[in-house]
Each structure stands twice: as structure tokens, then as C-alpha cells.
Amino acid sequence: MVLLLHGPNLNLLGERDPSTYGTATLDDLVAATGAAAAEAGLALEHLQANAEADLVAAIHGARHRCAAIVVNAGALTHYAWSLHDALASYDGVKIELHLSNPAAREPWRHVSVLAPVVDGTIAGFKADGYPLAIGAVERLLDRRRTAGP
Ligand code: DQA
């Protein structure tokens, strides 16, 4: 099972600043990610929450249950240490994902408090980032399987 998590304001995708985030709606992105996951033989679960506490609870719920988390935490990426700590306590594969490239935007977006506790980050490819994230999950899970104990 792969858990796809979206943070605040991402429920507005499609209407929100399409030149930055693209025109795909959240439903479109979840469907495309689910299809990519199914092709890789993985099931997908999704949660979008505007509240930090709900995202922390979802990460706790993924412990010992989901093989991977793909997270686009929205603006929480830049300051939510509770998400950092929750992800640090989750030992599956972790991918940070952004539609835009935060490093090319306002200075306050240049810091990610999640980056130190994830396997890697995919940013700037708009909707294409979602299947790329599933590809990364697949490779990292394979690598873990073949690494042995
Ligand atoms: C975002 C980038 C964040 O800086 C922003 O606050 C978002 C979306 C992205 O997907 O590009 O809400 O995570």
C-alpha cells in the first residue's frame, strides 16, 4: 500500500494559480497516481487535509501498514516540524513531492523541513511529478528488497 498525502489548499487545484500548479484537479492527480501505482502492482490510499493534525495522524496510521508515503504537504512543507517528526518515525519509503519548483519561488519556500527525513524530492514537473514519484517508490522498494537484511 502507498499512502498519497496532500496538505492545505491542494483541494483547490485546477482553480488555484494554474500557471504555477497546472490545470489538473486533485481528483485528476489522484486518479493518475492510482493508475501508475496499479501498473507497478501497488494499491494507493489518499488523504487531503487542510489541518496539520490530520496529516500527522495519517502518517502514524501508515506505520507498519504502508510500504511508502508520497507527500505534497503544501505550505506546511516549509514550517511543520510535527510532520518532520512524524515522517522521521515512519520507516517505509518517503517521497516529498511538489507541483511547482519551490526553490525557484519566494525565499520562504526554499526551506523544506521535510527534506531531511525523506528519501528524496520531486519538484517542478506539475502533474508529471505524480507518476515519477510512483516510479521512485517502485525503485526504492526494489532496492530495499534486494539489499537483504
Ligand atoms: C506546493 C509548493 C508549496 O510551496 C505551496 O505552499 C503549495 C504547493 C507545490 O506542490 O508546488 O501549496 O507544495
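Since we're looking at a predicted model, the values are computed, not measured.

Scoring rules and cut-offs
- Residues numbered from 1 in each chain as written.
- Predicted model: local features only at pLDDT ≥ 70, side-chain atom pairs only at ≥ 80, totals over all residues.
- Heavy atoms only, no water.
- Helix = DSSP H or I, 4+ residues; strand = E, 2+ residues; numbered from the N terminus.
- Buried < 20%, exposed > 50% of the residue type's maximum accessible area, 1.4 Å probe, protein only.
- Lys, Arg positive; Asp, Glu negative; His and termini not counted.
- Salt bridge = Lys/Arg side-chain N within 4 Å of Asp/Glu carboxyl O.
- Polar contact = N/O pair within 3.5 Å; in protein donor to acceptor, adjacent residues only side chain to side chain.
- Contact = heavy atoms within 4.5 Å.
- Near = heavy atom within 4 Å.
- Areas by Shrake-Rupley, 256 points an atom, 1.4 Å probe, with all protein chains shown as cover.
- Nonpolar A, V, L, I, M, F, W, Y, C, P; charged D, E, K, R; others polar.
- pLDDT = per-residue confidence, 0-100.
- Pairing = 2+ DSSP bridges.

**Observations concerning unusual backbone geometry**
Backbone geometry at Asn9 places phi at a positive 75°, although glycine is not the residue there. Residue position: Asn9 is located in the loop between β1 (2-6) and α1 (18-21).

**Describing the side chain of Glu96**
Structurally, Glu96 can be placed in strand β4 (residues 93-98). At 11 Å, Lys94 is the nearest oppositely charged side chain to Glu96, a buried residue that forms no salt bridge. Side-chain polar atoms of Glu96 contact the side chain of Ser112, separated by 3.0 Å. Ignoring anything within four residues of it in the chain, the contact list for Glu96 reads Val71, Thr77, Ser112, Leu114, Ala115, Val118, Gly120, Thr121 and Ile122.

**A few points about the site of the ligand**
The full set of residues close to the ligand is Arg16, Tyr21, Asn72, Gly74, Ala75, His78, His98, Leu99, Ser100, Arg105 and Arg109. Between the ligand and the protein, one listed contact pairs an oxygen atom with a side-chain N or O atom of Ser100 at 2.5 Å. Out of a free accessible area of 320 Å², the ligand has 99% covered by protein chains. The class makeup of the residues in the shell around the ligand is three nonpolar, five polar and three charged.

**Some words on the confidence of the model for the protein chain**
Low pLDDT marks stretches whose predicted atomic positions should not be read closely. For the protein chain, the average pLDDT comes to 97, and 99% of its residues sit at 70 or higher. Between the elements of the protein chain, mean pLDDT differs from a low of 96, seen in α1, to a high of 99, seen in strand β3 (residues 68-72).

**Overview of the pairing of β3**
With five of five residues buried, β3 is to be regarded as a mostly interior element. Neither face of β3 is left uncovered, since the one carrying Ala68, Val70 and Asn72 and the one carrying Ile69 and Val71 both have all their residues buried. Relative to β3, β1 runs parallel, the two being bridged by five bridges. Across the sheet, residue Leu3 finds its bridge partner in β3, namely Ile69. Where β3 meets β4, four bridges bridge the pair, whose relative direction is parallel. Residue Val70 lies in a different strand from β4, and its bridge partner there is Ile95.

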